[in-house]
Amino acid sequence: MRIVKFIFLFLILSLASIGASYDIKVMVVDFEPDNIRAKYQWNDPVNLENQYIADVNNITGGLAKYRVVERKIVSDYPVKEDGFDYTAESYKQCWENDKNSCHQPDCVNYLKILNDYDVCGKRNRGEIDELWLWGGPYFGYYEAIMTGPNAFNTNGGPLNGSSCTKQLNIMGFNYERGVSEMLEDLGHRVEVTMAKVYTE
């Protein structure tokens, strides 16, 4: 119940921050290298998104209407912040055989993703309000991170150095897991956002 209340309050505030619109436009970038989801029998991101969107809509009494307006499916591993890029062999070693072999530092290169797919351009032009990233374990996403003017820590970050002229929330979702974890990610973003709102 606590997470439901936080999500409700946060999304009402968020709607004001994006121009009092109840239509929250989402861009999705889904990294799916080497047929990885089928190989490990992981979940379909579209099914997870639909359940998540329905749950958030229900929680907010129909006020928050997420809508996916663009989807990019990338047949590669995302590049890490230090330039490392998994191969099929190195990822298999990490996931199946030896977690100690998984690359550290783990963080993905968010700025490369934003630049590669003109994400900030789309945010600046009002074409999108949020970015959702999909990937597997050890792809290096924070649950949530923010970039743009006056960005603050929403789980990771703030992410500096982007060309976003408006705040952009980026969610990092894992298709090895489920909708409950997606809602938990949003709940953590809510908690730190509400803490910031009420301590400034």
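Anything mentioned here points back to the structure above.
Residues numbered from 1 in each chain as written. Predicted model: local features only at pLDDT ≥ 70, side-chain atom pairs only at ≥ 80, totals over all residues. Heavy atoms only, no water.

Enquirer: Residues and numbers for the state of the cysteines, please.
Expert: Per the counting criterion, the structure on display carries two disulfides. Across the disulfide from C94 sits C102; the S-S distance is 1.9 Å. The disulfide joining C94 to C102 has a torsion of about 95 degrees about its S-S bond and is therefore right-handed. With respect to class, C94 is no different from C102; both count as buried. Here C120 engages in a disulfide with C164; their sulfurs sit 2.0 Å apart. (Disulfide = S-S within 2.5 Å. Buried < 20%, exposed > 50% of the residue type's maximum accessible area, 1.4 Å probe, protein only.)

Enquirer: An account of the environment of Q93 is requested, with residue identities and associated values reported.
Expert: With respect to the helices, strands and loops of the structure, Q93 is situated in helix α4 (residues 88–97). When neighbours within four sequence positions are excluded, Q93 is seen to be in contact with D98 and S101. A polar contact of 3.1 Å, which involves the side chain of Q93, links it to the side chain of N97. (Helix = DSSP H or I, 4+ residues; strand = E, 2+ residues; numbered from the N terminus. Contact = heavy atoms within 4.5 Å. Polar contact = N/O pair within 3.5 Å; in protein donor to acceptor, adjacent residues only side chain to side chain.)

Enquirer: Describe unusual backbone geometry, with residues and values.
Expert: Each neighbour pair has its own omega, and for Q104 with P105 the value is 0 degrees, a cis peptide bond. Along the polypeptide, P105 turns up in the loop between α4 and α5 (110–116). Positioned with a positive phi, D118 is a non-glycine residue whose angle comes to about 50 degrees. You can see D118 is positioned in the loop between α5 and α6 (119–124). What makes D118 partly exposed here is its relative accessible area of 36%. Phi at Y138 is positive, roughly 70 degrees, even though this residue is not glycine. Considering the arrangement of structural elements, one finds Y138 in the loop between β3 (130–135) and β4 (144–147). Here Y138 falls in the partly exposed class, since its relative accessible area comes to 27%.

Enquirer: Could you give an account of the side chain of H103, with specific residues and numbers?
Expert: By the secondary structure assignment, H103 is in the loop between α4 and α5. Within the local environment of H103, its side chain forms a polar contact with the side chain of D82, the two groups lying 2.8 Å apart. What H103 contacts, discounting residues up to four positions off in sequence, is K80, D82, F84 and Y86.

Enquirer: Break down the sheet that holds strand β5 (residues 156–159) for me, with residues and values.
Expert: One open sheet accounts for six strands, arranged β2-β1-β3-β6-β4-β5; its pairing is mixed. In this open sheet, the two strands that pair with only one neighbour each are β2 (65–74) and β5. Averaged over all pairs of adjacent strands, the angle between their axes in this sheet comes to 20 degrees, without regard to strand direction. Where β4 meets strand β6 (residues 168–174), four bridges bridge the pair, whose relative direction is antiparallel. Directly across from T147, in β6, lies its bridge partner L168. Along the sheet, helix α3 (residues 45–59) contacts β1 (23–31), β2, β3 and β6; its crossing angle with β2, the most-contacted strand, is approximately 165 degrees. Contacts from helix α7 (residues 179–197) reach β3, β4 and β6, with the element oriented near 145 degrees to β6. (Pairing = 2+ DSSP bridges. Axes fitted to C-alpha atoms, helices over the stretch in contact; angles between N-to-C directions.)

Enquirer: Give me the packing of aromatic side chains: which residues, what numbers.
Expert: Counted under the stated rule, the structure contains 18 aromatic pairs. Plain terms: the ring middles of Y77 and Y86 are 6.1 Å apart, the flat faces sit at 55 degrees to each other, and that makes the pair tilted. Given the relative accessible area of 5%, Y77 is considered buried. Residues W134 and Y175 carry aromatic rings whose centres are separated by 6.4 Å and whose planes lie at 15 degrees to one another, so their mutual orientation is stacked. With W134 in strand β3 and Y175 in the loop between β6 and α7, this pair connects stretches of sequence that are 41 residues apart. Exposure class is identical for W134 and Y175. Each is buried. One aromatic cluster in this structure is built from Y40, W42, Y52, Y66, W95, W132, W134, Y138, F173 and Y175. Over the ring of W95 we find K99, and its NZ or CZ is 4.6 Å from the ring centre. (Phe/Tyr/Trp six-rings, centres within 6.5 Å; stacked < 30°, edge-to-face > 60°. Lys NZ or Arg CZ within 6 Å of the ring centre and 35° of its normal.)

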